[in-house]
Amino acid sequence: MIASKQKIAIKGTRHGLTLQLDDQCSYKEILGELDEKLSSNNQAEDDQLINVTIQLGNRYLTQEQKDALKKVIREKQHLVVDSIESNLITKEEAKEWKKHAEVKPFVKVVRSGQVINIEGDLLLIGDVNPGGKVMATGNIFIMGSLRGIAHAGVDGDEKAVISASFMKPSQLRISDSISQAPDYETDGVYMECAYLDEKVSKILMERLQDVIKKRPDLSSFERRMLNG
Amino acid sequence: MGEAIVVTSGKGGVGKTTTTANIGTALALLGNKVCLIDTDIGLRNLDVVMGLENRIIFDLVDVVQNRIKLKQGLIPDKRFDCLQLLPAAQTSDKSELSPKRMKEIVEELKQDFDYIIIDCPAGIEQGFKNAVAGADKAVVVTNPEKSSIRDADRIIGLLEQEDMEPPKLIVNRMKNHMVKTGDMVDVDDIVNLLSIDLLGVVADDEEVIKASNIGEPVALQPNSKASLAYRNIARRILGESVPLLSLEEEQGLLAKMKRFFGIRT
Ligand SMILES: Nc1ncnc2c1ncn2[C@@H]1O[C@H](COP(=O)(O)OP(=O)(O)OP(=O)(O)O)[C@@H](O)[C@H]1O
Ligand SMILES: [Mg+2]
């Protein structure tokens, strides 16, 4: 008989251990070998917890399977599973991801009483008038005047930003934070971008160019625009 | 085949009825066959402004319920044969009217008239839906005042969902001295915000009130400010390009400019 190839490769990294699991054998075999390997590998008594990253390769595990895997590992020594990485996601996850990664363009004036509510980033070519409202799970970019309400990161994305050619909003919301226009009459500002500052947990406004530096993810907007 | 234009505003009291009466009168003055319809059931006004109140025998609801023929419901104007009014009912139940029935009535009138001008009730409820149903075009009236502009914006949003051309804007009751002192929103800002074409600007003019009190629309006067504004609006509806504002607002300035360029006036 040929000695079976190792199904689990253990590597030490700066952050802890990485377990690379073979993605050709069965899940059961993995669990078995994991149990065996981790028990035999009785290290010195060291009180520090070791972070483990599991790499599944081209294997998809359900949440229950992942939990079982974590349990096996947690029972052994001082190991805690930090993350489980897989090259695969389900179709649903992919669709969901795509929806949120998409840029949705609209060419219209959002008038009093009207609402645009989308998943992903919103690119509005037109104004948001007083009494109008735009909402997106991602960022909001308005090529026009924002005089109504804009709510970015509706599902809790605190990194989302709101930008407009002309900003004179009645209210800005990012994730759960709200900022209201002052009661006195103010002049609007041109080409500004609102973002949620983590330190003061407040919505702040800065020049768009400066916010892009704070939100490097925004550069992926370009790519998504081209793909979309 | 005529064209039906609905006059709306969202907010009440901004001048829909006044605008309907005066656009109708000015169009008739220019030789068009015009029919005015008052759809403000229960709060009819158009007949009063036109000075035709005493002549009402039948009304829109009588027509809707087929109690009379459409032609029997029309009241001819005192001054122009080519101008007629279909008055609103004052007492009947307004649920009698439906968008479908309204459409049929307007279609029938379009056979005989060049222009059907429909006076819409305030609000965005059933009355608005009825008034808008048969119209090919819409005119939105606003005052240079935030709340009125906000309602105009709402109405424009609703009109954009209808199967008709983008609405046009009339700014009514403009007081230029208030714009200068910064106490009133100026026309440019309004047009900018609402982003629709401007059909005309009508000054706040007490002649308008005097005129509607005696049932003679101001557009009949030869040279009051408001009269000129309404006549220009009528000409723009007919497709003429009449320069905006200059005549209605800045007569003094225009005269000076002409002298400057050496054009004899
Ligand atoms: N340009 C104007 N200058 C001065 N007064 C005006 C002007 N336009 C309208 N008015 C006055 O404003 C009042 C309201 O006008 P009107 O009845 O036409 O408004 P409306 O929009 O039809 O109101 P409702 O919503 O009640 O039907 C009237 O007394 C009218 O005479
Ligand atoms: Mg009225």
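### Observations concerning the overall build of chain A
Scanning chain A from terminus to terminus reveals five helices and 15 strands. Scored against the burial criterion, the 228 residues of chain A give a buried share of 41%. Contacts in chain A between residues at least 24 apart in sequence constitute 36% of all its contacts with a sequence separation of at least 6. Accessible surface, chain A: about 13,700 Å² in total, of which carbon and sulfur atoms supply 51%.

### Things to note about the interface of chain B and chain A
Facing 13 residues of chain B, the contacting portion of chain A comprises eleven residues. Between chain B and chain A, the buried area comes to about 920 Å², and carbon and sulfur atoms account for 37% of it. Among the residues of chain B in contact with chain A, Arg150(B), Asp153(B) and Leu193(B) are the three that bury the most area, contributing 50% of the side total. Applying the counting criterion to the chain B and chain A interface returns two salt bridges. Between Glu160(B) and Arg111(A) there is a salt bridge, with the nearest N and O atoms lying 3.1 Å from each other.

### A closer look at the pairing of strand S12 (residues 171–174) of chain A
Residues and elements named next belong to chain A. Strand direction decides the pairing type here: strand S10 (residues 149–152) and S12, joined by four bridges, are parallel. Counterpart to His151 in the pairing with S12 is Arg173. In textbook terms, the turn of a hairpin is the stretch between consecutive antiparallel strands, and for S12 and strand S13 (residues 177–180) this stretch comprises two residues, one of which, Ser175, has a positive phi near 50 degrees.

### Here we look at the domain arrangement of chain A
Looking at the assigned domains, one finds that chain A contains domain 1 (8–88) and domain 2 (95–227). Placing the centre of domain 1 of chain A and that of domain 2 of chain A at their C-alpha centroids yields a distance of 42 Å.

### Things to note about helix H7 (residues 146–160) of chain B
For H7(B), which comprises 15 residues, the first-to-last C-alpha distance of 21 Å matches the rise-based estimate of 21 Å (1.5 Å per residue) to within 8%. Of the positions making up H7(B), those classed as buried are Ser148(B), Ile149(B), Ala152(B), Asp153(B), Ile155(B), Ile156(B), Gly157(B), Leu158(B) and Leu159(B).

### Considerations on a nonpolar patch on the surface
A cluster of nonpolar side chains, contributed by Val107(A), Ile125(A) and Met143(A), occupies part of the molecular surface with about 310 Å² of accessible area. Along the chain, the position of Met143(A) falls in strand S9 (residues 140–146).

### What to know about the sheet that holds strand S2 (residues 16–21) of chain A
All names here are of chain A. Taken in spatial order, the four strands make up an open sheet running S1-S2-S3-S4, and their pairing is mixed. Strands with a single pairing partner mark the edges of an open sheet, and in this sheet they are strand S1 (8–13) and strand S4 (79–85). Looking at each pair of strands side by side, their axes are set apart by 25 degrees on average, direction ignored. Sitting on the sheet, helix H2 (residues 63–75) is in contact with S2, strand S3 (50–55) and S4, with an inclination near 150 degrees to S4.

### Considerations on the packing of helix H1 (residues 16–29) of chain B against helix H11 (residues 225–237) of chain B
The relative placement of two packed helices comes down to the angle between their axes together with the axis-to-axis distance. All names here are of chain B. Between H1 and H11, the least distance of the axes is 8 Å, while the angle of their chain directions is 65 degrees. By the angle between their directions, the pair H1 and H11 is classed as roughly perpendicular. In this structure, the crossing between H1 and H11 has a hand that is right-handed. Note on element contacts: H11 touches H1 through Tyr230, Arg231, Ile233, Ala234 and Ile237, opposite Thr18, Thr19, Asn22, Ile23, Ala26, Leu27 and Leu29. The residue inventory of the contact of H1 with H11, partitioned by class, reads eight nonpolar, three polar and one charged.

### Looking at the sheet that holds strand S5 (residues 115–119) of chain B
All names here are of chain B. Spatially, S3-S4-S2-S5-S1-S6-S7-S8 is the arrangement adopted by the eight strands of the open sheet, whose pairing is mixed. The open sheet has two free edges, formed respectively by strand S3 (75–76) and strand S8 (198–203), since each of these has just one partner strand. Here four bridges tie strand S6 (residues 137–142) to strand S7 (residues 168–174), and the two strands are oriented parallel to one another. Considered in S7, the bridge of Val139 is made with Lys168. The strands touched by H11 are strand S1 (3–8), S5, S7 and S8; relative to S8, the strand with the most contacts, the crossing angle is about 170 degrees.

### Considerations on the nonpolar core
All names here are of chain B. Ile37, Leu109, Ile118 and Leu194 are the most contacted members of the largest nonpolar core, which totals 47 residues. With near-sequence residues (within four places) excluded, Ile37 lies in contact with Leu46, Leu60, Leu86, Met102, Val106, Leu109, Ile116, Ile117, Ile118 and Asp119. By size, the runner-up hydrophobic cluster in this structure holds 37 residues, among which are Ala21, Leu27, Leu83 and Ile170.

### A word on the environment of Asp188(B)
All names here are of chain B. Within the element layout of this structure, Asp188 appears in helix H9 (residues 187–194). Residue Asp188 is classed as exposed on the basis of its relative accessible area of 56%. Distance from Asp188 to Ala138, taken between C-alpha atoms, is 20 Å for residues 50 residues apart in sequence.

### Considering the site of ligand 1
All names here are of chain B. Neighbouring ligand 1 are 18 residues, the closest being Gly13, Lys16, Thr17, Thr18 and Asn172. A distance of 3.1 Å separates an oxygen atom of ligand 1 from a polar side-chain atom of Arg173. Between a nitrogen atom of ligand 1 and a main-chain N or O atom of Asp205, the distance comes to 3.0 Å. Relative to its free-state accessible area of 630 Å², ligand 1 is covered by the protein chains to the extent of 81%. Where the shell around ligand 1 is concerned, the elements lending two or more residues are H1, S7, S8 and helix H10 (206–213). When grouped by side-chain class, the residues that make up the shell around ligand 1 number six nonpolar, seven polar and five charged.

What counts, and at which threshold
Residues numbered from 1 in each chain as written. Chains lettered and ligands numbered in written order. Predicted model: local features only at pLDDT ≥ 70, side-chain atom pairs only at ≥ 80, totals over all residues. Heavy atoms only, no water. Helix = DSSP H or I, 4+ residues; strand = E, 2+ residues; numbered from the N terminus. Buried < 20%, exposed > 50% of the residue type's maximum accessible area, 1.4 Å probe, protein only. Contact = heavy atoms within 4.5 Å. Areas by Shrake-Rupley, 256 points an atom, 1.4 Å probe, with all protein chains shown as cover. Buried area = accessible area lost by both parts, 1.4 Å probe. Salt bridge = Lys/Arg side-chain N within 4 Å of Asp/Glu carboxyl O. Pairing = 2+ DSSP bridges. Domains from an automatic or database assignment. Expected span 1.5 Å × (residues − 1). Patch = residues over 30% accessible without salt bridge, like charges linked within 9 Å, V, L, I, M, F, W, Y side chains within 5 Å. Axes fitted to C-alpha atoms, helices over the stretch in contact; angles between N-to-C directions. Parallel < 35°, antiparallel > 145°, perpendicular 65-115°, else oblique. Left-handed = near helix turned anticlockwise from the far one by under 90°. Nonpolar A, V, L, I, M, F, W, Y, C, P; charged D, E, K, R; others polar. Core = buried A, V, L, I, M, F, W, Y, C linked by side-chain atoms within 4.5 Å. Near = heavy atom within 4 Å. Polar contact = N/O pair within 3.5 Å; in protein donor to acceptor, adjacent residues only side chain to side chain.

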